[in-house]
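Observations on chain architecture
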Amino acid sequence: LIGPAVGLQTADGSLLFWLVEGQALIVSHDYGATWAATSKAKVESECSVAFATADPRSNGTLIMNCRTDTHNRLQLYWKPDGKGSYTATEPTYPAGLSDAGCQGSVIGSNGALFTSNAASTSARARMSVHRSDDAGGSWSAPLVLHEGPSAYSQLVGLAGGANGHRLGVLFEAG
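Residues numbered from 1 in each chain as written. Predicted model: local features only at pLDDT ≥ 70, side-chain atom pairs only at ≥ 80, totals over all residues. Heavy atoms only, no water.

Re the state of the cysteines
- Applying the stated criterion across every chain, the model contains one disulfide.
- With its sulfur 2.1 Å from that of its partner, Cys47 forms a disulfide with Cys66. What sets the handedness of the Cys47 and Cys66 disulfide is the S-S torsion sign, and at about 110 degrees it is right-handed. Remark: Cys66 occurs in strand S6 (residues 62-66) and Cys47 occurs in strand S5 (residues 47-51); sequence separation between them is 19 residues. Of the two residues, Cys47 and Cys66, neither departs from the other in class, the shared state being buried. (Disulfide = S-S within 2.5 Å. Helix = DSSP H or I, 4+ residues; strand = E, 2+ residues; numbered from the N terminus. Buried < 20%, exposed > 50% of the residue type's maximum accessible area, 1.4 Å probe, protein only.)

Here it is as structure tokens:
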């Protein structure tokens, strides 16, 4: 695992992590005693993964948000295959999600998705957060947290806040 990484746990207790070197999710159905890799995705990058649906306890679709060298964030979905694993969709590059070629984060919070990253196309700068209310189908304009130099980030859900959305962001700055 490279950079800040968050694993997921489904309602049935399965654990999931993204492996950059293997280009796959690894899945454990026995609380980490054994692991199996999914089929490979068409991405070789640092990625963050979250539940794409409103119910984080579901065993449903996952969303993955990745750094690129093309100045756009890469996004894809992992869908359950009905056999205890997941299959990746083709990657897309959502409008408005610029990228400085730096790790970012994605997290679900009360039915919305949020992503953070250094959102400049010319330097590791402009730490921003975007929101999606349609499972990653579209993203809001950026909320810029820090205009200056910034890099790796990790979002975390916090208790309280307006409409149940209160997030913390840990990021490199300076």
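Some words on unusual backbone geometry
- With a phi close to 50 degrees, Asn110 is a non-glycine residue in the positive phi region.
- Inspection of the secondary structure puts Asn110 in the loop between strand S9 (105-109) and strand S10 (112-118).
- Here Arg126, not a glycine, exhibits a phi torsion of approximately 70 degrees, which is positive.

Details of the environment of Thr89
- Structurally, Thr89 can be placed in the loop between strand S8 (86-88) and S9.
- Among the residues examined, Thr89 registers a relative accessible area of 25% and is labelled partly exposed.
- Each C-alpha atom, one on Thr89 and one on Ala141, is 25 Å from the other, the two residues being 52 residues apart in sequence.
- Other than its neighbours up to four places away in sequence, Thr89 contacts Leu76, Tyr77 and Lys79. (Contact = heavy atoms within 4.5 Å.)

Remember, this is a structural readout, not a statement about activity or role.
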